[in-house]
Amino acid sequence: MTRLAIDHLTLWISAAAREHSLDLPAHVEERTGASHRSVLAALRRLVDAQWLTRSGSSRRPVYGPGLLRQVVRSYTLYGLQEDLPWQRDFAPNFELPKHVARMVQHGFTELVNNAADHSGGSSVTVSLRQTPSHVQLLVSDDGCGVFNKICEAFDIADAQHAMLELSKGRLTSQPEMHTGRGLFFSSQLADVFDIHANGTAFQRRAWESTGWQRGRPMPRQGSSIYMSIALDTTRTLDQVMEAWSIDGSGIEFDQTTINLRLLAGPGQPLDSRAQARRVAARLPTFKRAEVSFAGVEDVGHGFADELFRVFARAHPEVELVPTHTTPRIAALIKSAQNG
């Protein structure tokens, strides 16, 4: 008896079970070319693994999606309208808490739109998976890579500095068409968020105060964005939007957080005025910026003076709020502010 590859079946069995609940064995036979006996054995394994539910009688079984669900689809990027795949191919096949579904929809449409508008690629593959505890989204394109795109558009030297700019938010290479909110807010919605592009990866974990840090890259070209949200999260889309608006309305995106760990390597101090100017880039587009020193061991006088005296006096409309400082760093900042 030929054994069907369960890993392959799980890529599309959730949608098939919903669309062919009364004739699922016949549908799988037709789609795979496998024997009736082999298909029934595979479906039993999928029921046991919670990919499927089975009800009805032994002679007239009724199948449905189980606690584990997954849909994987690939699309040509030219002319792709990101809302249609969500409405047609994905949303009907999942049962998510309403507020989680709203966040997943936001992330899905924003990430697919980014691939269509910015990647320069020809295709995108989208995978959405539901487990008993989480929902996981992976959007992968065959384009130039998000960090390469940012470096080219903004004359930035390397991927780490590109990630620093991306982490601030409001970054877009097409300001006439986009506001730079999509990728930023998608990352804030997730418990786990990873960006992979051309051999470089950065990750963010909602429970860690250090913010963005280096990750282990996927061995592929183009961009792959992964986000995971716990099904029991109390986080909502409105709450995330409101957190980055000074008046709490969620309308304006006028405050940000700078994770200096992206600029300073392990054991390296932030010592130069050039580094401070990189931190200050685009900050005048915000009204308030928290400057997080989490993971930064030391800074130099030049860095502190450039950011907290020179920039601060040139742009009094921007409130700089240092956080996670050591006593020495706090003293250096105070000295610069009083200078």
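Residues numbered from 1 in each chain as written. Predicted model: local features only at pLDDT ≥ 70, side-chain atom pairs only at ≥ 80, totals over all residues. Heavy atoms only, no water.

(A) Up close: the UniProt feature "domain: DUF4325" (unreviewed entry) in the chain. Those residues carrying the UniProt feature "domain: DUF4325" (unreviewed entry) are residues 276–327 in this numbering. Taken as a whole, residues 276–327 contains 38% helix and 19% strand, while its terminal C-alpha atoms sit 20 Å from one another. (UniProt positions renumbered as here; feature names shortened; annotations may be inferred. Helix = DSSP H or I, 4+ residues; strand = E, 2+ residues; numbered from the N terminus.)

(B) Quick look at the sheet that holds strand β11 (residues 288–292). Judged by pairing direction, the sheet is parallel, and its three strands sit side by side in the order β10-β11-β12 without closing on themselves. Of all the strands in the sheet, the pair left with one neighbour each is β10 (255–259) and β12 (319–323). With strand direction ignored, the average angle separating the axes of adjacent strands in the sheet is 20°. Here five bridges tie β10 to β11, and the two strands are oriented parallel to one another. (Pairing = 2+ DSSP bridges. Axes fitted to C-alpha atoms, helices over the stretch in contact; angles between N-to-C directions.)

(C) Layout of the sheet that holds strand β5 (residues 134–141). Strand order in the open sheet formed by seven strands is β3-β4-β5-β9-β6-β7-β8, with antiparallel pairing between adjacent strands. Of all the strands in the sheet, just β3 (69–76) and β8 (213–214) have a single pairing partner and so form its edges. Pairing analysis gives six bridges linking strand β6 (residues 192–197) to strand β9 (residues 223–230), with the strands arranged antiparallel. Its bridge partner lying in β9, alanine 197 is registered against serine 223. Sheet strands touched by helix α5 (residues 83–90): β3 and β4 (123–130). Its angle to β3, the strand with the most contacts, is close to 140°. Each of β6, β7 (200–205) and β9 touches helix α7 (residues 146–154); the most contacted strand, β6, lies at about 70° to it. (Contact = heavy atoms within 4.5 Å.)

(D) Inspection of the packing of aromatic side chains at higher detail. Summed over all chains, the structure comprises ten aromatic pairs. Relative to phenylalanine 108, the ring of tryptophan 86 has its centre 5.2 Å away and its plane inclined at 55°; by these criteria the two rings are tilted. You can see tryptophan 86 sitting in helix α5 and its partner phenylalanine 108 sitting in helix α6 (residues 98–118), a full 22 residues away along the chain. You'll find tryptophan 86 and phenylalanine 108 in the same group, each marked buried. Ring centres of phenylalanine 184 and phenylalanine 185 lie 5.3 Å apart, and the angle between their planes is 90°; on these two criteria the pair is classed as edge-to-face. Each member of the pair phenylalanine 184 and phenylalanine 185 is classed as buried. Through successive ring pairs, a cluster of aromatic residues spans Phe184, Phe185, Trp244, Phe253 and Phe286. (Phe/Tyr/Trp six-rings, centres within 6.5 Å; stacked < 30°, edge-to-face > 60°. Buried < 20%, exposed > 50% of the residue type's maximum accessible area, 1.4 Å probe, protein only.)

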